[in-house]
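Descriptive structure summary
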Amino acid sequence: MARARLAGAARVARWADAALGPGREAATTDGKATLSAATAERAAADLGLSAAQIRADWDTARLAGLVEVHGDSARPGWRLRAWDRDDSAVLRGWVALFDAWSLACPEPDGHEPAAVAEVVSAMPQVLSFLQLSAGPVPVEQLLDLLQQRVTELRTERCEVAYEPGTGQPAGSPGPADPAPAAPAPLAPLLDWALRALASVGALTYGGGQATLTPLGSWAVWVKLEQICVAAQSPAGNIEQAAEDMLRGCAQLRPNAARAEYRAWLAARPVGSAVTQLIDAARGDDALLRGLAFEALRVVGAPAEPDVRAVVDEPALRPYALLWLAEHDGIDPEDAHEVLTREEATWLWVDTAAAVADHGEAPMLVRHLEAAVQPTVPRLLDEVRAVGHPRTVQVLVALAAAHPDPALAKAVRRAAFQVHTGG
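The rules behind the values
Residues numbered from 1 in each chain as written. Predicted model: local features only at pLDDT ≥ 70, side-chain atom pairs only at ≥ 80, totals over all residues. Heavy atoms only, no water. Helix = DSSP H or I, 4+ residues; strand = E, 2+ residues; numbered from the N terminus. Buried < 20%, exposed > 50% of the residue type's maximum accessible area, 1.4 Å probe, protein only. Contact = heavy atoms within 4.5 Å. Pairing = 2+ DSSP bridges. Phe/Tyr/Trp six-rings, centres within 6.5 Å; stacked < 30°, edge-to-face > 60°. Lys NZ or Arg CZ within 6 Å of the ring centre and 35° of its normal. Salt bridge = Lys/Arg side-chain N within 4 Å of Asp/Glu carboxyl O.

Attention now moves to unusual backbone geometry. Positioned with a positive phi, alanine 134 is a non-glycine residue whose angle comes to about 55°. Topologically, alanine 134 is positioned in the loop between α7 (113–133) and β3 (137–138).

Looking at the element boundaries, leucine 265 is found in helix α12 (residues 254–266). Accessibility expressed as a relative area gives 15% for leucine 265, which makes it buried. When the C-alpha atoms of leucine 265 and isoleucine 238 are compared, they prove to be 8.2 Å apart, with 27 residues separating the residues in sequence. Sequence-distant contacts of leucine 265, defined by excluding residues within four places in its chain, comprise Ala273, Leu277, Ala295, Val298 and Val299.

Next up on the list: the pairing of strand β5 (residues 209–212). Side-chain alternation along β5 places Ala210 and Leu212 on a buried face and Gln209 and Thr211 on a face that remains uncovered. Both β3 and β5 contribute to a ladder of two bridges, which runs antiparallel. From the neighbouring strand, valine 137 faces β5, where its bridge partner is alanine 210. With four bridges joining them, strand β4 (residues 203–206) and β5 adopt antiparallel strand pairing. Looking at the pairing, glycine 206 lines up with glutamine 209 of β5. Between β4 and β5, which pair antiparallel one after the other, the connecting turn spans two residues, and glycine 207 there sits at a positive phi close to 65°.

Under the defined criterion, the tally for this structure stands at three aromatic pairs. Pairing tryptophan 94 with phenylalanine 98 gives two aromatic rings, centres 5.4 Å apart and planes at 20°, and the pair type is stacked. Taken together, the positions of tryptophan 94 and phenylalanine 98, both in helix α5 (residues 87–99) and four residues apart, correspond to about one turn of that helix. The same class applies to tryptophan 94 and to phenylalanine 98, which are both buried. Pairing tryptophan 101 with tryptophan 192 gives two aromatic rings, centres 5.3 Å apart and planes at 45°, and the pair type is tilted. Pair noted here: tryptophan 101 is in helix α6 (residues 101–104) and tryptophan 192 is in helix α9 (residues 187–199), with a separation of 91 residues, a long-range link. One exposure class covers both tryptophan 101 and tryptophan 192, and it is buried. The ring of tryptophan 83 carries arginine 3 above its face, with NZ or CZ at 5.4 Å from the centroid.

Turning our eyes to something else, we now look at the pattern of salt bridges. Applying the stated criterion to the full structure yields 21 salt bridges. Notably, a salt bridge pairs arginine 247 with aspartate 285, separated by 3.0 Å at the nearest N-O pair. Note that arginine 247 is positioned in helix α11 (residues 242–249) and aspartate 285 in the loop between α13 (270–281) and α14 (286–299), a separation of 38 residues in sequence. Owing to a relative accessible area of 14%, aspartate 285 belongs among the buried residues under this scheme. A salt bridge links arginine 384 to aspartate 381; the nearest nitrogen and oxygen atoms lie 2.6 Å apart. Here the residue arginine 384 and the residue aspartate 381 both occupy positions in helix α19 (residues 376–386), the gap between them amounting to three residues, near one helical turn. With a relative accessible area of 31%, arginine 384 lands in the partly exposed category. Accessibility expressed as a relative area gives 42% for aspartate 381, which makes it partly exposed. Three or more residues are tied together by salt bridges with common partners; here these are Glu243, Arg247 and Asp285.

The analysis is restricted to geometry; functional conclusions fall outside its scope.
Take a look at the structure:
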């Protein structure tokens, strides 16, 4: 159903990818991502559609993340690149469109922005009621629910209810002041909201009643599940920034940490969450670097463009290459084969730094077994050459931890040589 709903948008997005790439014709001219008239006419001619249909599909493609506009140029979004191989990308695209329902259709003229915002804020409860009803619901019943929810929102903001026509707070016997303007009627705004939700495929609307579509019911269920997941944060790190959240997960077992990542991600937009995680990975703490990419594995496909974008950053490259290999379906046990010898050595040193900072001495000794080099002398030679900024500290810690005096002496000598530039 999601593919069918977004088929037109995907078609226009693919056309834009082929026709509006770098060095080709500009997609927009107003800096607001509005398709230019010339481009709309060209697309209409190429695809055999009307210019109006092209514009509508273009707007849907932008809202669904199938196309991204940067300045006057357009490029395909990650969901379009994953369209043919990843059903979850299609569903995420539709959910993005569902989340943007209030932008899909312009609100009716003559209404205060505050009233529109109240209706948008109240619609999740209306949609939840539609899902619980599991069938057609009269619009009058939805209007009653909307009015109740809007009243609750105003009460939460401590707005005072006034007696009609008196200008006095309800129940007040005092002298009358000029009455405030009457609240805007909600029926036209409910009609707009239901039409907008119908336009994105979340419900059907007509004959004085509304019914959630199977796709709309699924989306509401997903939103409720996200709220429940966020409410069940096992370690209470939902409100923390990414770096603090990762530190809080450092001592958790893998399954508990993944549950915490899911709760943290459910409480914020995926784009900003991915940005925070990658920023945390860029820091000096190697442990947070590894944990950040574990959290990005929980994010999945939406993180792919951001992960690809950091492949050329030396500190993140090995982690990013492993993440991308696993994302492309390579078994995690075999993913290390995508790394060069130098990248694998760099990752060994970075992981050893995390163990040295946060682990125990026996863990650091066991970490020797994870090296790709067959002997300790070969490992030391390649560790010295790889240029990791923590090489000296790692070697010193390893020498202090290893029970073999001869091996510890060799490791100390290597640390001294790195320190003195030898």
